[in-house]
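Single-letter residue listing:
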Amino acid sequence: MFLLRRLLSSAAAAAGASRGPPPIRVALTESSGRGVFATRPVAAGELLHSAEPLVSHPAPSLLHEVCYICLRRKAAKEGRGSSGGGGYFCSDACREHAKGFHDVGKRVDWSLFDEHCSSRGLKYPYMAKRLACMVISGAASADCLNILQPARLHQGTLIEMEEEFLLLESAFRKAGFQEEVRKFLTKEWYINVLARIRINAFRVELIASSYEDLLTSAAASVSCDASVGNAVYMLPSFYNHDCDPNTHIVWLENANVKLKALRDIEEGMEKCSLSEELRICYIDTSMDVHARQKILEDGFGFQCRCLRCLSGD
Ligand SMILES: [Zn+2]
Ligand SMILES: [Zn+2]
């Protein structure tokens, strides 16, 4: 009981500290493009900020198990019957939030597109499809992901994307959407969007436990449920990677993500006008250096030169 009270009071302290503007800023780093920095000393366990997705999508196999919008898991007692056609909504707020673009999506026969993606195990095209519906409904602008860094794409990938685009475009065309409302939907748009989703989408893994665990966990890896889906964010995408990160990115019950300091972080570094950079780990920190290097190179297109990698750990 005493422990619980202590945890709750530290939770309240963290919440109090997180009121007002978050203690971070985005600025240029010396070698990794943009990065995120603390604007004041930050204590271990402090919540830096949270963020809502720009675009999210449930894992294709969980469409009827997690919320169409916030990726919250359906409670076991809700049964399987309440999701109806086209996805499950956990609340009226999520249903309302999705209304415009969910209605656009429902007008389209997605069978060819979905079949194409599911037979190849693709998940990101579903996010591009949702974004296209959001643009048509007015819920998002066609260029809303442009601020994010794009992945470098190989020729083979471009050819695959072209196939996906043709299926997406023809699905909208066959559903009777006028050229006027789908004029943004070009091959270039699709490739641009996918290039950004590929390296900026986070695998959303909800922590099965509680807020207290978030505040007390010292390690970057907390036991998680399997992924419930993917989401792209604005600010969290500006964090650079480190295999021994000082910041943890975490999801509790839904896709609204929280960023938490893993250790005390100084505001400034010696002979450096910028504060210490806040970095998250893009991958599983428990892998060895060779496995990490390979995944970062293949998946994110860079060679990690963090202190942990340089030490061979
Ligand atoms: Zn929801
Ligand atoms: Zn590294």
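Described below are features of the structure shown in this document.

Criteria and cut-off values
Residues numbered from 1 in each chain as written. Chains lettered and ligands numbered in written order. Predicted model: local features only at pLDDT ≥ 70, side-chain atom pairs only at ≥ 80, totals over all residues. Heavy atoms only, no water. Donors = N, O, S within 2.8 Å, 3.2 Å for Na, K, Ca; no water. Tetrahedral: all angles 85-135°; square planar, octahedral: opposite > 155°, others 65-115°. Helix = DSSP H or I, 4+ residues; strand = E, 2+ residues; numbered from the N terminus. Buried < 20%, exposed > 50% of the residue type's maximum accessible area, 1.4 Å probe, protein only. Core = buried A, V, L, I, M, F, W, Y, C linked by side-chain atoms within 4.5 Å. Domains from an automatic or database assignment. Pairing = 2+ DSSP bridges. Axes fitted to C-alpha atoms, helices over the stretch in contact; angles between N-to-C directions. Contact = heavy atoms within 4.5 Å. Polar contact = N/O pair within 3.5 Å; in protein donor to acceptor, adjacent residues only side chain to side chain. Phe/Tyr/Trp six-rings, centres within 6.5 Å; stacked < 30°, edge-to-face > 60°. Lys NZ or Arg CZ within 6 Å of the ring centre and 35° of its normal. Salt bridge = Lys/Arg side-chain N within 4 Å of Asp/Glu carboxyl O.

Turning next to the coordination of the zinc ion (ligand 1). Summarising the metal site, the zinc ion (ligand 1) is bound by the protein donors Cys67 (SG), Cys70 (SG), Cys90 (SG) and Cys94 (SG), whose distances to it range over 2.3 Å. Considering all four donor atoms around the zinc ion (ligand 1), angles at the metal cover 102 to 117° and the coordination shape is tetrahedral. Between consecutive donors of the zinc ion (ligand 1), the numbers of intervening residues give the motif C-x2-C-x19-C-x3-C. With a gap of 24 residues between them, Cys70 in the loop between β4 (55–58) and α2 (92–106) and Cys94 in helix α2 connect regions that are remote in the sequence.

Only Cys243 (SG), Cys304 (SG), Cys306 (SG) and Cys309 (SG) from the protein reach the zinc ion (ligand 2) as donors, at distances of 2.2 to 2.3 Å. Considering all four donor atoms around the zinc ion (ligand 2), angles at the metal cover 101 to 117° and the coordination shape is tetrahedral. When the donor residues of the zinc ion (ligand 2) are listed from N- to C-terminus, their spacing reads C-x60-C-x1-C-x2-C. A residue is classified by how much of its surface remains accessible, and Cys306, at 6% relative accessible area, is buried.

In this section: the nonpolar core. Ile69, Leu131, Leu145, Phe172, Trp189 and Tyr233 are the most contacted members of the largest nonpolar core, which has 72 residues in total. Ranked by residues supplied to this core, first place goes to helix α4 (residues 124–137) with ten residues. Each of domain 1 (2–52 + 203–310) and domain 2 (97–200) accounts for three or more of the residues forming this core. In this structure, Met287, Val289, Cys304 and Cys309 belong to the second largest nonpolar core, which totals nine residues.

Moving on: the sheet that holds strand β5 (residues 202–204). Strand pairing within a sheet occurs via backbone hydrogen bonds; the two strands may be parallel or antiparallel. The sheet built from three strands is open, its strands ordered β4-β6-β5 with antiparallel pairing. Where the open sheet ends on each side, the last strands, each with one partner, are β4 and β5. When the angles between neighbouring strand axes are averaged without regard to direction, this sheet yields 25°. Summarising the sheet, β4 and strand β6 (residues 229–232) pair through four bridges and their orientation is antiparallel. Along β6, the bridge assignment pairs His57 with Asn230. Contacting β4 and β6, α4 crosses the sheet at an angle of about 125° to β4.

If you trace the three strands from one edge of the open sheet to the other, you get β3-β9-β8, paired in antiparallel fashion. With partners counted over all chains shown, the strands left at the sheet margins are β3 (47–51) and β8 (247–251), one partner each. Across the sheet, the mean angle separating the axes of adjacent strands is 20° when strand polarity is ignored. Pairing analysis gives four bridges linking β3 to strand β9 (residues 257–261), with the strands arranged antiparallel. Counterpart to Ser50 in the pairing with β9 is Lys258.

Tracing the backbone shows Trp251 in strand β8. The spatial distance from the C-alpha of Trp251 to the C-alpha of Ile207 is 6.2 Å, given a sequence separation of 44 residues. The residues contacting Trp251, other than those within four sequence positions of it, are Phe202, Arg203, Val204, Glu205, Leu206, Ile207, Tyr233, Asn256 and Val257. Side chain to side chain, Trp251 and Tyr233 meet in a polar contact 2.8 Å long. Polar contacts involving the side chain of Trp251 include one to the main-chain carbonyl oxygen of Ala255, which spans 3.5 Å.

Quick look at the packing of aromatic side chains now. Within the structure shown, the criterion is met by twelve aromatic pairs. An angle of 65° between the planes, with centres 5.9 Å apart, marks the rings of Trp110 and Phe113 as edge-to-face. Per residue, the accessibility class of Trp110 equals that of Phe113, and both read buried. Ring plane angle 45° and centroid distance 5.0 Å describe the contact between Tyr282 and Phe300, whose orientation is recorded as tilted. Here Tyr282 is found in the loop between β10 (277–280) and α8 (289–300), whereas its partner Phe300 is found in helix α8, with 18 residues between them in sequence. On the basis of relative accessible area, Phe300 is assigned to the partly exposed category, the value being 26%. These aromatic residues form a ring-pair network of at least three members: Trp110, Phe113, Tyr126, Phe172 and Phe177. Note that Arg130 overlies the ring of Tyr68, its terminal NZ or CZ placed 3.9 Å from the centroid.

Per the stated rule, a full pass over the model turns up 13 salt bridges. The shortest N-O distance in the salt bridge between Glu46 and Arg40 comes to 2.8 Å. Glu46 gets classed as buried once you look at its relative accessible area, which sits at 9%. A relative accessible area of 29% means that Arg40 is categorised as partly exposed. One continuous salt-bridge network, built from bridges that share partners, spans Lys99, Asp103 and Lys106.

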